[in-house]
Amino acid sequence: MTMTRSTFLKAIAGSVAAGLFSVAASAVSAQEVSPELQAWLEENALGTNAMVEEDWDDIVARATEEGEVVVYSSSGRIAKLADHFQALYPGITLTLFDLGSVKTIEKTVREQDAGIFNVDVITTGNSGQVIYELLNNGRIFNYVPAHYADRIPEENRDPLLIRVNEAIVFFYNTEANPDGAPISNVWELTQEQFRGRVGIKDPMASGSSLMGLATLVQYPEEMAAAYERLTGEALVLGEGVPDAGFEFVRRLLANDVVIFKSGSKLADAAGAAGQDDAMIAMTNMTYISRNDSKGNVNAIMADLDPVSRMVYPTFMSIGANAPHPNAAKVFIAYLLGNTDLNIDTVLEKPYLEGESFDLLQGLAPYHDAGSVSPRSDVPLPAGGEIWDQMEGWNISAEFMWQQGPKLRDFWLIHSSQ
Amino acid sequence: MSDTAAPRGKPPIFSKQNLVYQVYRFKNKPEIIIGVLCLAFLSFVVLVPLIQIIKDAFTFQSYDLAYQPDGEVGAFTLFHFDRVFNQPISRALFVKPLINSLKMGFAVTLIAIVVGSSLAWLMVRTNVHFKGVFGAMLVFPYMMPSWVMALAWLSLFKNDRIGGSEGLLTYLTGVQVPDWVAYGYVPIVFTLAMHYYAYTYLLISGALATVDSELEEAGATCGLGKWKRIRIITMPLLMPALGSAVVLTFIRILGTFGTPALLGLPVRFFTFSTQIYASINARNQGDAYVLALVLIVLAISFIWINSRIIGVRKSYVTMTGKGFRKREGDLGKWRWPATIIVILFLCMTVVMPLLLLLWESLTLIPGNYSLSNLTTYFWSGQGNVQLAYGEPGVIHNKGILGALGNSVKLGFMAALFNGALGLLVGYAVVRGRGAKLARWLEGIAFAPYIFPSIALGAIYIGMFSTSIGPIPALYGTFTILVLITVIKNLPFTSRTGIAAMLQIHQSLEETARVQGIGWFRRMFRIIVPLSMSGLVAGMLLTFITAMRELSLIILLISPGNMVLTGVIFGYQEQDMAQHSSAVTLMLVLIIITISVIVRLLSRGAGVGRLNAT
C-alpha cells in the first residue's frame, strides 16, 4: 500500500495523541531495575533512595578515597575546570571525555549494554533521549545535592538536574537596521520581503537548532494566534500540514530559509559590519559574545510575538553503577557553583581566575551571555541581562521524544522540494 | 571405512591416503592456508559488525516509538525498509540523495582519473622539470582534511546568499558569483576531485613505473602510432591499478560527508552521506543502517563489475624474469609549458589552502585578513585568560604534544599491520583467483570501506568489551584503536596488494620453489620486494587516513590516548578558529614530512627502481 504525502502527514498528526499514552507506559517500566543495581542505588542513596539531608563531609571524604571522577560531556569547555577542581578537592582526578551530545549518549548506551560501567557523570543535551532513553531506562540517575535543593527551582531539577539553560534566539544586524528590530512577529520571517534573508543552523545536524524549532512547533495555538495578530486573517494550513507550528516550518522553508552548518558562522553572517542587506539569524544566543570577540554588530530581538527565546537544557546526572559515585556527587555540586554565590554577587572578568573562579566554580566556563545557571540565586552573566526581558518558551522532553522524529521528517520532506 | 567400499580410482575422504594427499596439496598451495586464515580473521572483525548492522536494520529501535508507540523495542520489524523504500518520505530520504550522490560520484571519479593519470604519466614517463619535488607534492592535497579545500573555495567565491564578509572575488571585482558556482554540485565535484585524484595518481604512477618500456617500443616497431600504443599496450596493463582507483574513488565519494555538508547545505543539495550522517546524529539507527546497507550493496556490486572487467585474465603481468627498461619520453617544446601547468595546479591545490590555514592561525580576530590583525599568540602564547579561554599557544600546549605522539604512533602501527595484512590478502586473492575463497576474501576485505565509521566504532565497543579466548578485553586500550584503523583502511592495502600481485608472474615464485626455497623466504625475497612500490603507496594512504581519522575512533578513545584530530574537534566545537587552524596545519605538515621521509627511505632501500617518484 502506498500513501500520499498528505495522508502520511495526517498520520503523523494522528499519532500525537497516541504518543501521549505511551509515555505513561514507558515511565512505569522504567522502575524495574536489577537487584545489583538496586543494591548500588541503596548504598549510594540514589534514585528513589535519595536523601533530604546529606552528610556532605562524609561524601567528600569518600570521594577522595575513590580518587577519580569520569565525565562524559557534550561540551569540551569542562576541561578548563580540571586544575581548579583538583586544587579544591585534592586527590580527586577529573577524567574528561569530550564527545559531543550524540556520542555521549551513544557511548553510555553501548558500554552499559556490553556490561561496562565506566562513567560517573554524564552531561549532555537532547532532552527527549536523555529523559526517555537514559533516565527512564535506569541508565542514569538524577542527583541533586541536598544543600542546593532550595536554590534550584523544581523545573530545573525534576525529573533531571539541569546544568545550564541556553536559548535559540533571533539576531539582527544593527547597522542595517538602525531603527531597531526589523520584525515584531516571527511570522514576518515567512513573508516575501525576507525571502532568502533568514538563516538557520541545520536542525538535521544540530540538536539545539532542532529543539529551538520544536519549541515553536510545540505551541500551535499560540503560533496560530500570533499569525492572526499579524495579518488579521486566520491561518490557512498547507496540504497535509497538521497544525500552525508545522505550518510555520513549512512556510519558513518555502521562503528559502538559508541553512547553515555552523551556528557561529551564521551569527557572523548576520552580524558582520558593513552589510546593507544583512540576514536575520535564528541561532544560539551565546554567539552574541562574538560582538566582542569578532566585531559583529548583532542585536537580539527581545520583543517578538509570540516568543523571543526558545530555551533548551543541558542535563547532568550520575551513570548507573558508576565506579565513583561519591566523586560524581562532589563534581555535580562543583558544577552548580559555590554556595557563597548569591544574586547580588558582583563577578569580575576574567571568570576563570581568582575570586570569580572560586565563586562560580563549575559555572565559570559557561558564565557567558546566553547561558543561565539552573540556580535562582546566580546573577545573569554580563551582556546576557536581556534574558529576563524576553518572553520565553521551554522545550519539553516529552514533545521532543514523541514529535522530534516527525519534525525531522517534515523538515526533510519540505527542504527537499 | 574400508578401502573396498570406496569407488574405484578415488580413495574415500577420510582415508589415510586421501588425507596425506590433501595435506600435501595444501602445503603446496599456501594461498589457500593464508586465504582461510585471513577469511577467518576478517569474518570476525568485519562480518560480525555487518551482521549487527543488518540485524539492527530489522529491529524495532527506541527511536521508532515516536511513529509506533505500541511497538516493542528489540522486536523484528520491516518498518525501516518500508520507510526508506516505500513510504512518501522515501523520495526525500533515499531517492533524491542517491541520485545526487551518484551524479557526484561519476563526475568526481571521471575528473580524478583524468587528472590523476595525466599527472602520473607526466611524472613517470616524461622529462618534465622538477620531478622529484612535484612527485611528492602532488600527494599533499590528500594529506589535508578535504574540508580545507571547501573552506578555501568558500572564502574565494561565496556570495551574498550566505551573507557575512564578502568572498575574495566579490571583494576584488564587486561581482556577485552565481549560486551554482559558489555552492552545490559544481564546487563539490571540483573540490573533491582536487582531493581524491591522489588515489589515481598514487596507484597509476606505481603501476606505470613497472610497465616495461620495451613493450611500447615493440609496438612502435610494429608501426603503431603513439595513441594506439597507449590504447592497446599501456592502458590494458594499467587496468588493475585503474580499476582499483575507480573503485576507491567512486565509493569514497559516495561516503564522503564534510565537503557536501559545507558546500551543499546553502542550496539544499543533500547527498546520501549527509542523510546517513543526519540519521546517525539523531540516533535514528533504523534509517541510518538501511541507508548504509544500500551503500554497501552498491559498493559490492561496483567491485563485482570491476572484477568482471579485469576478469581472470593473466595479461596484467609486467614483472617477469625477463629484462626491464624504463624510458622517459621527451616532451620537447612542451617541457616548460607542462612544468608550468603542474606548478599552477600545485599552487591551487597545495599552496593556497596551506596559506589560508596559516593565515587563519595568525589572525587575532578570525576572518579579519588585515595585516594589523596578525599575531603569533596562538602558536607561541603562554596562555592569557582574555583570549581563547586561556588556552596556551600550540607549541606550549602539553595536550597537543601528547596527542601528536599518539597520532603518529597510531598512523605508523596501522600502516605497518595494514601493509602486512594487505599483502597476504592480495596474495591469497590473486594466486587463488577464480576460486570462491578468493572472491569472498576480496569482497570482505573491501566491506569496511563503506561502513559508516561511527557505527563500526559503536559496534566494536560491544565486541571487544570482554576477553575473547586468548585475546584480552581490548576496549579502552590503544590496541583497539590500531585494530579498527587497520580494518577500516584494509581496502587501501588489499586493493594495492591485489594490484601489485597481479603484476608479478607466478613463474618467479615457481623458480624459487623448484630450488626448494620455502614459502617465507619466497615471500620476503621475491614477493615483498617486487610488490613494495604498490604496497608502500597503500600503506602511505593508510597512514595519512589514520592520522586524519576521528569519527571512527572517537567512541573508543580514552583521554590518555587522545589524538590530534580529537584536539582539532574540541577547538572547532568551542569556536577556537585559530587554534584549530594551527593544529590542522601542524597535522598536515607532520603528515607531509613523514611521508616524504618514507619515500626517500624506500627509494634508498632499493625500492627506488620501482618507485614512481
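Residues numbered from 1 in each chain as written. Chains lettered and ligands numbered in written order. Predicted model: local features only at pLDDT ≥ 70, side-chain atom pairs only at ≥ 80, totals over all residues. Heavy atoms only, no water.

It is worth spelling out the overall build of chain B at this point. Looking only at helices and strands, chain B features 25 helices and zero strands. Compactness check: chain B gives a C-alpha radius of gyration of 26 Å against a globular reference of 25 Å for 613 residues, within 12% of the reference. Counting only C-alpha atoms and orienting by the principal axes, one finds that chain B spans roughly 90 × 75 × 50 Å. Residue burial in chain B is summarised as follows: out of 613 residues, 59% are buried. A total accessible area of about 25400 Å² is found for chain B, and carbon and sulfur atoms account for 68% of it. Taken together, the 47 basic and 25 acidic charged side chains of chain B have centroids lying 12 Å from each other. (Helix = DSSP H or I, 4+ residues; strand = E, 2+ residues; numbered from the N terminus. Rg over C-alpha atoms; globule rule 2.2 N^0.38 Å. Buried < 20%, exposed > 50% of the residue type's maximum accessible area, 1.4 Å probe, protein only. Areas by Shrake-Rupley, 256 points an atom, 1.4 Å probe, with all protein chains shown as cover. Lys, Arg positive; Asp, Glu negative; His and termini not counted. Charge placed at Lys NZ, Arg CZ, Asp CG, Glu CD.)

Take the interface of chain B and chain A next. Listed per partner, the contact involves 63 residues of chain B and 71 residues of chain A. Note on chain B versus chain A: buried area summed over both sides is about 5500 Å², and carbon and sulfur give 56% of it. With its nearest N and O atoms 3.1 Å apart, the salt bridge here joins B:R283 to A:E106. Across the chain B-chain A interface, the total number found is 20 residue pairs in polar contact (both at pLDDT 80 or more). If you list the elements that add at least two residues to the side of chain B that touches chain A, you get α4 (90–125), α13 (258–264), α14 (272–281), α15 (285–310), α20 (453–463) and α24 (564–573) of chain B. Here the side of chain B that touches chain A gets six residues from one element, more than from any other, and that element is α14(B). The residue makeup of the side of chain B that touches chain A, split by class, is 35 nonpolar, 17 polar and 11 charged. (Contact = heavy atoms within 4.5 Å. Buried area = accessible area lost by both parts, 1.4 Å probe. Salt bridge = Lys/Arg side-chain N within 4 Å of Asp/Glu carboxyl O. Polar contact = N/O pair within 3.5 Å; in protein donor to acceptor, adjacent residues only side chain to side chain. Nonpolar A, V, L, I, M, F, W, Y, C, P; charged D, E, K, R; others polar.)

As a further point, take the confidence of the model for chain B. Residues and elements named next belong to chain B. For chain B, the average pLDDT comes to 84, and 92% of its residues sit at 70 or higher. Across chain B, the secondary-structure element scoring lowest on mean pLDDT is helix α1 (residues 16–27), at 78, and the one scoring highest is helix α3 (residues 79–85), at 95. Scored below 50 in pLDDT, residues 1–6 shows two contacts in the model against residues more than four places distant or in partner chains. Every residue in residues 606–613 is under pLDDT 50, and counting partners more than four places away or in other chains gives 25 contacts. (pLDDT = per-residue confidence, 0-100.)

Residues and elements named next belong to chain B. Taken together, F130, V133, W336, I340, I343 and L344 make up a surface patch of nonpolar side chains, about 590 Å² in accessible area. No other element matches helix α16 (residues 335–361), which puts four residues into the nonpolar patch. The class of F130 is partly exposed, set by a relative accessible area of 47%. (Patch = residues over 30% accessible without salt bridge, like charges linked within 9 Å, V, L, I, M, F, W, Y side chains within 5 Å.)

Turning our eyes to something else, we now look at α14(B). Counting buried positions along α14(B) gives eight out of 10 residues, so the element sits mostly inside the fold. Every buried residue of α14(B) is listed here: B:F272, B:S273, B:T274, B:Q275, B:I276, B:A278, B:S279 and B:N281. Each element contacted by the buried residues of α14(B) is listed here: α5 (100–113) and α14 (397–415) of chain A together with α4, α12 (226–255), α13 and α15 of chain B. Within two residues after α14(B), B:R283 carries a phi angle of roughly 60°, on the positive side.

Moving on, we get to unusual backbone geometry. The amide bond that connects A:D305 to the next residue, A:P306, takes the cis arrangement and shows omega of 5°. Positionally, A:P306 belongs in the loop between β9 (298–300) and β10 (309–319). Residues A:K349 and A:P350 are joined by a peptide bond in cis, for which omega reads -5°. Within the secondary structure layout, A:P350 lies in the loop between α12 (325–336) and α13 (354–360). In this structure, A:A45 is a non-glycine residue whose phi angle is positive, near 50°. Looking at where A:A45 falls in the secondary structure, it is placed in the loop between α2 (35–43) and α3 (56–66). Not every positive phi belongs to a glycine, and B:R283 is a case in point at roughly 60°. Locating B:R283 in the fold gives a position in the loop between α14 and α15.

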